[in-house]
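Spelled out from the first residue to the last, the chains are:
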Amino acid sequence: RAGIPLGIMKLLDPRHLKPDSMETERILIVLDETIVKLEITRLIPRIIGSLQRYASMLGPEIKSRLLEHQKLSMEIQQLLTKPGDEKSMTAAEKRLKYSMRSILRLFLANPLLYHGLKYEIRVRESPADVLIKAFMEFRNFMLERLVTTPDEEKERIQFMEDISLRVKKNTEMISALQEELAAVFQTRDEEVNRKDKMIEDLKTSMENLAKSCEADIRQIMKEGEKQQKEDEEASKKRCARLKQDIERLGAQFSALVLEHRAAELVLRKEKCKAEKEILEWAQKYDIDMTEKQTTYEEIEAAYNEEKEQLSLLKEKHALLIQEYTEIEEERRILKEKEEEAAREEARRNNAATCIQAAWKGYLVRSIYRSKLKKGKGKGK
């Protein structure tokens with residue numbers, strides 16, 4: 001492994017293959033999603049067959065979808081028994097496909113449910129498993145092709161050629177070693193035969209030795225019997241001593257049992273007292289919670305009533321705001337009209353004043369002219 005290049009190591013070990021671009025990762029996500037959909041599709045018939053068993057896990061929405069899917073499947077089966085109605089068959093297949101897509105979408109939205117059902121349901125092997133396995137191999141093949149550069153491909157081909165040469169050389173070496181091994185086996189068999197003959201000779205000599213050692217064995221047996229009697233006496237003394245120790249320890253054990261029973265009785269009384277207190281506290285807690293629940297429901301009812309009143313008041317307020325806005329708009333328009341009329345009146349008054357002043361000046365000038373003319377006449 002130390003001599004294998006890093007690029008070849010990545011190709012040979014799938015664990016080192018990782019997406020190196022966003023496009024590759026998107027392709028792999030699509031392939032992984034397809035594998036999950038295939039596995040879910042494989043589980044759906046078994047789930048429908050035991051729908052009551054898995055109803056608590058699935059939830060009402062998925063359960064209704066599965067029941068609808070079951071009905072569509074039965075409808076298609078009935079249509080298959082009545083050939084000729086192609087339009088109904090096509091429409092039923094479209095509805096079945098749409099139902100399957102909806103079910104897969106719900107399962108993909110809840111991956112924990114899919115994994116739980118995957119380990120809960122045991123499905124027998126079927127052609128779908130072969131398809132899923134083939135698709136997984138296709139996914140790994142696509143990953144390998146996507147992350148492999150042309151240089152790495154050339155390097156892999158060269159590496160495989162080198163491996164082929166090494167395999168050829170290793171095969172030749174193995175053949176030579178097998179010949180040497182056969183020769184070693186033959187030598188070993190000859191050595192074994194020689195040792196077998198030696199063992200037979202040793203057995204014969206041992207039988208002769210056994211006959212000559214019978215007297216020694218008898219002497220040893222006598223000594224053994226004597227030693228056995230001594231050991232039996234020592235064992236009896238030891239058993240008597242152990243019996244006394246057992247009786248003494250039995251008395252201590254009885255005293256400890258009585259003591260522990262008394263302590264156990266005290267603890268049992270304390271436990272009963274504690275259980276009664278816990279029961280009383282639990283009952284008190286239930287009563288308090290019932291009262292608080294009642295109070296909460298009353299407050300909630302009052303809140304809902306006030307909320308409804310507030311909604312009505314908001315609606316009335318919105319209507320009043322609209323009416324107020326319309327009235328303000330009318331007042332503004334009326335005020336503009338009044339201001340325009342006042343400006344027109346002031347303009348007319350100013351014009352009349354100017355006309356009157358001009359007329360008065362004209363009259364005054366006319367009077368002075370006539371007087372001047374009369375004075376000039378008298379002077380002449």
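The rules we used
Residues numbered from 1 in each chain as written. Predicted model: local features only at pLDDT ≥ 70, side-chain atom pairs only at ≥ 80, totals over all residues. Heavy atoms only, no water. UniProt positions renumbered as here; feature names shortened; annotations may be inferred. Patch = residues over 30% accessible without salt bridge, like charges linked within 9 Å, V, L, I, M, F, W, Y side chains within 5 Å. Areas by Shrake-Rupley, 256 points an atom, 1.4 Å probe, with all protein chains shown as cover. Salt bridge = Lys/Arg side-chain N within 4 Å of Asp/Glu carboxyl O. Lys, Arg positive; Asp, Glu negative; His and termini not counted. Charge placed at Lys NZ, Arg CZ, Asp CG, Glu CD. Helix = DSSP H or I, 4+ residues; strand = E, 2+ residues; numbered from the N terminus. Buried < 20%, exposed > 50% of the residue type's maximum accessible area, 1.4 Å probe, protein only.

The name an unreviewed UniProt entry gives the chain is Dynein regulatory complex protein 10, with Dicaeum eximium as the organism. For the chain, the Subunit (unreviewed entry) comment in UniProt is given as "Component of the nexin-dynein regulatory complex (N-DRC). Interacts with CFAP52." Its UniProt record gives the chain a comment under Subcellular location (unreviewed entry), which states: "Cytoplasm, Cytoskeleton, Flagellum axoneme".

1. What to know about a negative patch on the surface
On the surface, Glu230, Asp231, Glu232 and Glu233 cluster together into a patch of negative charge. Tracing the chain through its elements places glutamate 233 in helix α9 (residues 214-379). For glutamate 233, a relative accessible area of 53% translates into the label exposed.

2. Notes on the pattern of salt bridges
One pass over the full model with this rule turns up 10 salt bridges. Residues glutamate 264 and arginine 268 are paired through a salt bridge, measuring 2.9 Å at the closest nitrogen-oxygen approach. Residue glutamate 264 and its partner arginine 268 are located together in helix α9, separated by four residues, close to a single helical turn. With a shortest N-O distance of 2.6 Å, arginine 332 and glutamate 336 are connected by a salt bridge. With a gap of four residues between them, arginine 332 and glutamate 336 both fall in helix α9, about one helical turn apart. When its relative accessible area of 40% is taken as the criterion, glutamate 336 is described as partly exposed. Taken together, the shared-partner salt bridges in this structure form one network comprising Glu329, Arg332 and Glu336.

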